[in-house]
Amino acid sequence: MSPDSAAPSVEADIDVDSDVLVEITQAVWASFVDPEVPLVDLGPCVPEPAEAGVVVGSVAILGPVPTVLSVRLSAGAASDVAARMFDIDTAAVSSADVQDATGEIANMIGGNVKAMLPEEHRLGLPSVTAATVGPDPDAALASATLLWGEHTLLVTLDRRPGGSSS
Amino acid sequence: MHALVVDDSRAMRRIVAGILRTLDFETVEADNGATALAELERLDGEGTVPVLACIDWNMPVMDGLQLVTAIRAERRWRDVTLMMVTTESEHGQIVRALAAGAHEYLIKPFTADAMADKLRYLGLVPAGVGA
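Residues numbered from 1 in each chain as written. Chains lettered and ligands numbered in written order. Predicted model: local features only at pLDDT ≥ 70, side-chain atom pairs only at ≥ 80, totals over all residues.

**Quick word on the overall build of chain B**
Across its full length, chain B holds five helices and five strands. The order of helices and strands in chain B, counted from the N terminus, is β-α-β-α-β-α-β-α-β-α. In terms of overall size, chain B behaves like a compact globule, its C-alpha atoms giving a radius of gyration of 13 Å where 131 residues would be expected to give roughly 14 Å. C-alpha atoms of chain B, sized along the principal axes, occupy 35 × 35 × 25 Å. (Helix = DSSP H or I, 4+ residues; strand = E, 2+ residues; numbered from the N terminus. Rg over C-alpha atoms; globule rule 2.2 N^0.38 Å.)

**Quick look at the sheet that holds strand β3 (residues 52-55) of chain B**
Residue and element names in this part refer to chain B. Strand order in this open sheet of five strands is β2-β1-β3-β4-β5, and the pairing throughout is parallel. Single-partner strands in this sheet number two, and they are β2 (26-30) and β5 (104-107). Direction aside, the axes of adjacent strands within the sheet are offset by 20° on average. Across five bridges, the pairing between strand β1 (residues 2-6) and β2 is parallel. Counted as the bridge partner of V5 is E29 from β2. Docked against the sheet, helix α3 (residues 64-72) engages β1, β3 and β4 (81-86), running at close to 175° with respect to β4. (Pairing = 2+ DSSP bridges. Axes fitted to C-alpha atoms, helices over the stretch in contact; angles between N-to-C directions. Contact = placed C-beta atoms within 7 Å.)

**Notes on the confidence of the model for chain B**
Chain-level statistics for chain B give a pLDDT mean of 95 and a share of 98% at 70 or above. Model confidence for the complex: the whole-complex pTM is 0.90, and ipTM, which rates the interface, is 0.92. (pLDDT = per-residue confidence, 0-100.)

**Quick notes on the nonpolar core**
Grouped together as the largest cluster of nonpolar side chains are 78 residues, with contacts concentrated most on I109(A), V6(B), C54(B) and I55(B). Considering every element that reaches this core, the biggest residue donor is helix α4 (residues 95-114) of chain A, with seven residues. (Core = buried A, V, L, I, M, F, W, Y, C linked by C-beta atoms within 7 Å. Buried ≥ 20, exposed ≤ 12 C-beta atoms within 10 Å, placed from the backbone.)

**Re unusual backbone geometry**
Geometrically, the link from K108(B) to P109(B) is a cis peptide bond, its omega value of 0° lying close to zero. Backbone geometry at D87(A) places phi at a positive 55°, although glycine is not the residue there. Position of D87(A) relative to the elements: it lies in the loop between α3 (75-86) and α4. Note on D87(A): 10 C-beta atoms within 10 Å, which makes it exposed. Backbone geometry places V61(B), a non-glycine residue, at a positive phi of 70°.

**Here's the deal with α3(B)**
All names here are of chain B. Along α3, the positions that sit buried rather than exposed are G64, L65, L67, V68 and I71. The buried residues of α3 occupy an angular sector of 160° when the element is viewed end-on, so they sit on one face. Close packing links the buried residues of α3 with β1, α2 (33-45), β3, β4 and α4 (91-100). (Arc of directions from axis to C-beta.)

**Let's talk about the interface of chain A and chain B**
Chain A puts 19 residues into the contact, and the matching count from chain B is 17 residues. At the level of elements, α2 (18-32), α3 and α4 of chain A are the ones that each hand at least two residues to the side of chain A that touches chain B. At eight residues, α4(A) tops the list of elements feeding residues into the side of chain A that touches chain B. Partitioning the side of chain A that touches chain B into residue classes produces 10 nonpolar, five polar and four charged. (Nonpolar A, V, L, I, M, F, W, Y, C, P; charged D, E, K, R; others polar.)

Okay, structure coming up:
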């Protein structure tokens, strides 16, 4: 047995799979986005090239196993989410509204994922960006694709680039 | 009755304040712990110190745990009921918040009914209101 194989993987402490991401995201959606149209689980994410107008809300989970929880959705879906969370017409949604609502969705999912990790993990503050690359299947510890009406969203828990624990 | 809603997300402040207004609260909002303290000072000066503060944990500038500690350090605000409204759901975090002086803990995501139940338990919502 090599030294590498003898060492327990810290990632073994992460008990978060696609089903967990689906369950948490569905709960967040039903409470704050759309209690009437449930999110439909389409299975683990199918990587696609980055497309124009994709919004990504992310929150870092810092600790022994640093990860990033991300929610990717189209600009149209992000506007619809913001409209529902602010209770305004979609036409009245601003980019600041999209940033706020998408960030809070990522924050809530990330916080509930963090609660399933060893207690020394902590949550960063959410950020929202336009996607420049597609999801990286090699970085994903867990992923889920969900259908909301005509919109698709991807939720992924990725190893944090660089692997810094601070 | 006045309630202070402290969260760095405008969307979440709107949702929490909306629920509280259905329970007959007048709401004031702040986007972090530091601005919440400034609002408390202002309301104190007007003689309308809130009976309730709903406080998120993870916020820039001053987080919710620091805010709870700061409020509890002021005797003049000892009657303000503090309820954490947060994704921080680990047992250890709940214990830290309660030890710092929070009265109740509501984990995101939550429903309007769950928030009303907590406030009813705290005696801030009469039975039958918001049921």
